[in-house]
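Secondary and tertiary structure notes
So you can see what is in the structure, the chains are spelled out below.
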Amino acid sequence: MANSLQTSTSISRVGFSSQFLGSNSASKASVSVSFPSSHTSLSFRFVETSREQSSRISATSKAESSSFDQVKIDLSLSPRVNSVKPSKTVAITDHATALAQAGVPVIRLAAGEPDFDTPAVIAEAGINAIREGYTRYTPNAGTLELRTAICHKLKEENGISYTSDQILVSNGAKQSILQAVLAVCSPGDEVIIPAPYWLLESKITEKSRLLILCSPSNPTGSIYPKKLLETIAEIVAKHPRLLVLSDEIYEHIIYAPATHMSFASLPGMWERTLTVNGFSKAFAMTGWRLGYIAGPKHFVAACNKIQSQITSGASSIAQKAGVAALGLGYAGGEAVSTMVKAFRERRDFLVKSFGELEGVKVSEPQGAFYLFIDFSSYYGIEAEGFGKIENSESLCQYLLDKAQVALVPGDAFGDDSCIRISYAASLTTLQAAFERIKKALISLRPVVPV
């Protein structure tokens, strides 16, 4: 039988510079990641340099013209790019997709993408937008129609009031988060991602600028209860510079008796909170790319300025679909509740099944559609024809090779003892995946004589 697993990871403190905001989490420890701020100001000028002094990577080609002896192409990349780690979730999903397209029967449980089609009413709104010629640029911040609908939703469902100029619609919640960080963080500032929560207060410094909360959580599926949020709010109130970015993209995918509460609804937190949400998860609209941020006008206007120079406004077609989604009723109405019911059935099956495996620790998620399972008891085992299982990444590779199931290693989320499994797939698919994983794990355990 499996032991219970506390769904908490670690506090990650991330240093911010004008080069790039990087994030590294480490299990059960605080990690400070700093980037030099020597590139704060950028200037463009022509400078003669010696090639012997340059560390840049160059490629040389022979030119046919007698005017040039050599043409040297500079292949160096920006320090911003070199400091970025590729998304493991995206990389694994792309790899699994490529295997499936090549005929390998891979079960893909890496991506956080509902397997349901976008509800028909929403899809039809997008189709009608195309047919009616609604295919041009919209205001950078989003159409007034959609922003007004978002204001109504936030008031009715979340208990927080905004005006249309305090809403910015973007190409997905990821863009909303990035723009918020760029808008409020300066060189030397720290961004804090907390868990376990009781360590939070001790990790806040005078450099702390932004606290990121995600409830329901990716990857654990845990939900911050009201009492805990109130405690966090009391801590935040003690630090004048500290703002909160509340990622609430999974708010409608919760399992009773758990409930969701928006951080901005707490006393004194509206002025300090940037609320991020979107349409991808609850409404099965991942490909529509539509998200938004709500907050005090001063901060939202700054995000708006950044967006105007990066992508401009979100798709006009997606925005019409977004209006239809918010018109489905409270919390997405029957269309969303039907999906949540299916997610709950899948969750219950996997929690029970993995809970019966030897050496596996699993806890029951309260929301979202992920399990974050501790498989660390299998680390250090030599797998025949594969090699030693060293960590979450090598175990995921083993399960992909041996069981042909694609999962995400926990080190991508700061906890190398765990693996994330998405149950945004049909129950039949999950049953097949579990049997494959079970068989692959059993083969790692030595046979004990009776």
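Provided above is the structure to which this section pertains.
Figured I'd write up the structure that's included with this text. (Residues numbered from 1 in each chain as written. Predicted model: local features only at pLDDT ≥ 70, side-chain atom pairs only at ≥ 80, totals over all residues. Heavy atoms only, no water.)

**Some words on helix H4 (residues 144–158)**
- In this model, H4 (15 residues) spans 20 Å end to end at C-alpha, consistent with the 21 Å of a helix rising 1.5 Å per residue.
- Phi turns positive one or two residues past the end of H4, at Gly159, with a value near 70 degrees. (Helix = DSSP H or I, 4+ residues; strand = E, 2+ residues; numbered from the N terminus. Expected span 1.5 Å × (residues − 1).)

**Quick look at the pattern of salt bridges**
- Per the stated rule, a full pass over the model turns up 13 salt bridges.
- A salt bridge links Lys153 to Glu251; the nearest nitrogen and oxygen atoms lie 2.6 Å apart. Taken together, the positions of Lys153 in helix H4 and Glu251 in the loop between strand E9 (243–247) and strand E10 (273–278) put the pair 98 residues apart, joining distant regions of the chain. Just as Lys153 is buried, Glu251 falls in that class too.
- Linked by salt bridges that have partners in common, Lys88, Glu393 and Asp411 make up one network. (Salt bridge = Lys/Arg side-chain N within 4 Å of Asp/Glu carboxyl O. Buried < 20%, exposed > 50% of the residue type's maximum accessible area, 1.4 Å probe, protein only.)

**Things to note about the side chain of Lys153**
- Lys153 gets classed as buried once you look at its relative accessible area, which sits at 6%.
- The residues touching Lys153, leaving out its near neighbours within four places in the chain, are Asn158, Glu251, His252, Asn277, Tyr292 and Leu326. (Contact = heavy atoms within 4.5 Å.)

**Quick word on the sheet that holds strand E16 (residues 408–409)**
- The strand order across the open sheet formed by 3 strands is E12-E17-E16, and the pairing between neighbours is antiparallel. The sheet is open, and its two edges are formed by strand E12 (370–374) and E16, each paired on a single side.
- Sheet topology note: the E16/strand E17 (residues 418–422) ladder contains 2 bridges and is antiparallel. If you follow Val408 over to E17, its bridge partner there is Arg420. (Pairing = 2+ DSSP bridges.)

**Structural notes on the packing of helix H5 (residues 173–184) against helix H8 (residues 297–310)**
- Running from N to C, H5 and H8 cross one another at 110 degrees; their axes reach a closest spacing of 9 Å. In this view, H5 runs roughly perpendicular relative to H8, as classed from their interaxial angle. Residue-level inspection shows Gln175, Gln179, Ala180, Leu182, Ala183 and Val184 of H5 in contact with H8, the latter providing Phe299, Ala302, Cys303, Ile306 and Gln307.
- For the contact of H5 with H8, a count of residues per class yields 8 nonpolar, 3 polar and no charged. (Axes fitted to C-alpha atoms, helices over the stretch in contact; angles between N-to-C directions. Parallel < 35°, antiparallel > 145°, perpendicular 65-115°, else oblique. Nonpolar A, V, L, I, M, F, W, Y, C, P; charged D, E, K, R; others polar.)

**Some details on the side chain of Asn277**
- Secondary-structure assignment places Asn277 in strand E10.
- Classification of Asn277 by relative accessible area gives buried; the value is 4%.
- The residues touching Asn277, leaving out its near neighbours within four places in the chain, are Lys153, Ala173, Glu248, Ile249, Glu251, Gly291 and Tyr292.

**Let's talk about the environment of Pro409**
- Of note, Pro409 is situated in strand E16.
- It is 6.3 Å that separates the C-alpha atoms of Pro409 and Arg420, two residues lying 11 residues apart in sequence.
- Setting aside residues no more than four positions away along its own chain, Pro409 makes contact with Lys88, Ile92, Ser392, Glu393, Cys396 and Cys418.

**Quick notes on the pairing of E10**
- Where burial is concerned, most of E10 is hidden: 6 out of the 6 residues are buried.
- Residues Thr273, Thr275 and Asn277 line one face of E10 and the alternating positions Leu274, Val276 and Gly278 line the opposite face, and both faces are buried.
- Here E9 pairs with E10 via 4 bridges, running parallel. Bridged to Val244 within E10 is Thr273.

**Describing H8**
- If you check H8, its first and last C-alpha atoms are 20 Å apart, about what 14 residues at 1.5 Å a residue would give, namely 20 Å.
- Three or more residues of H8 are buried, namely Phe299, Val300, Cys303, Ile306 and Gln307. What you see down the axis of H8 is that its buried residues fit within an arc of 120 degrees, all on one side. Residues of H8 that are exposed and angled more than 90 degrees away from the buried face: His298, Lys305 and Gln309.
- Looking at the buried side of H8, the elements it contacts are strand E6 (167–170), H5, strand E8 (208–214), E9, E10 and strand E11 (291–294).
- Of the residues one or two after H8, Ser312 is the one with positive phi, at around 65 degrees. (Arc of directions from axis to C-beta.)

**Regarding the packing of aromatic side chains**
- All chains considered together, the criterion is met by 13 aromatic pairs.
- Taken together, a centroid distance of 5.6 Å and an interplanar angle of 85 degrees make the contact between Tyr250 and Phe369 edge-to-face. Of this pair, Tyr250 sits in the loop between E9 and E10 while Phe369 sits in the loop between helix H10 (333–355) and E12, and the two are 119 residues apart along the sequence.
- Judged by relative accessible area, Phe369 falls into the buried class, the value being 0%. (Phe/Tyr/Trp six-rings, centres within 6.5 Å; stacked < 30°, edge-to-face > 60°.)

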